[in-house]
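An overview of the molecular structure
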Amino acid sequence: MHDRATDVTDLNRVTEQIIGAAIEVHKAIGPGLLESAYEECLCRELDLRGVPFERQAPLPVETPLCPLCLCGEFGVLSGWKRGSHTSVLTA
């Protein structure tokens, strides 16, 4: 049986981990660096916290002329249940 309350609790837990990782990276290295530096540090922090993520994930875009184009990339994508809920960390 699908329990919405459990899903929300799990989503909140993962969201807290993601935001905490981003704050930790910002506190450690501060502002003004290239995006790639933040991406590298964020991925390391997510890995240390056991949060699943994917780097440079394709960004699907649908238009009338192109039913499914891969027009860009997410910097870091975390999916706590791949295909159901996804959190975009950087674009």
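Everything quoted here is computed from the prediction, not taken from an experiment.

Considerations on the side chain of Glu45
Secondary-structure assignment places Glu45 in helix α2 (residues 35-49). Under the relative-accessibility criterion, Glu45 is labelled buried at 17%. Setting aside residues no more than four positions away along its own chain, Glu45 makes contact with Ala21, Glu24 and Val25.

What to know about the confidence of the model for the protein
Confidence in the prediction of the protein, expressed as mean pLDDT, is 80, and 80% of residues score 70 or more. Ranking the elements of the protein by mean pLDDT puts strand β3 (residues 85-90) last, at 49, and α2 first, at 94. Between residues 81-87, whose pLDDT stays under 50, and residues either more than four places distant or in other chains, the model counts twelve contacts.

Considerations on the nonpolar core
The biggest cluster of nonpolar side chains holds nine residues, and these are Val14, Ile18, Ala21, Val25, Leu42, Cys43, Leu46, Val51 and Val76. Breaking this core down by element, the ones donating at least two residues are α1 (4-29) and α2. Looking at this core, the element that brings in the most residues is α1, giving four residues.

Quick look at the pattern of salt bridges
Working definition: two side chains of opposite charge can pair if their charged atoms are close together. By the definition in use, this model includes five salt bridges. A salt bridge links Glu39 to Arg55; the nearest nitrogen and oxygen atoms lie 3.0 Å apart. Taken together, the residues span a long stretch of sequence, with Glu39 in helix α2 and Arg55 in strand β1 (residues 54-61) at a distance of 16 residues. We classify Glu39 as buried; its relative accessible area is 9%. On the basis of relative accessible area, Arg55 is assigned to the partly exposed category, the value being 34%. Residues participating in the shared-partner salt-bridge network are Glu39, Glu40 and Arg55.

Cut-off values and rules
- Residues numbered from 1 in each chain as written.
- Predicted model: local features only at pLDDT ≥ 70, side-chain atom pairs only at ≥ 80, totals over all residues.
- Heavy atoms only, no water.
- Helix = DSSP H or I, 4+ residues; strand = E, 2+ residues; numbered from the N terminus.
- Buried < 20%, exposed > 50% of the residue type's maximum accessible area, 1.4 Å probe, protein only.
- Contact = heavy atoms within 4.5 Å.
- pLDDT = per-residue confidence, 0-100.
- Core = buried A, V, L, I, M, F, W, Y, C linked by side-chain atoms within 4.5 Å.
- Salt bridge = Lys/Arg side-chain N within 4 Å of Asp/Glu carboxyl O.

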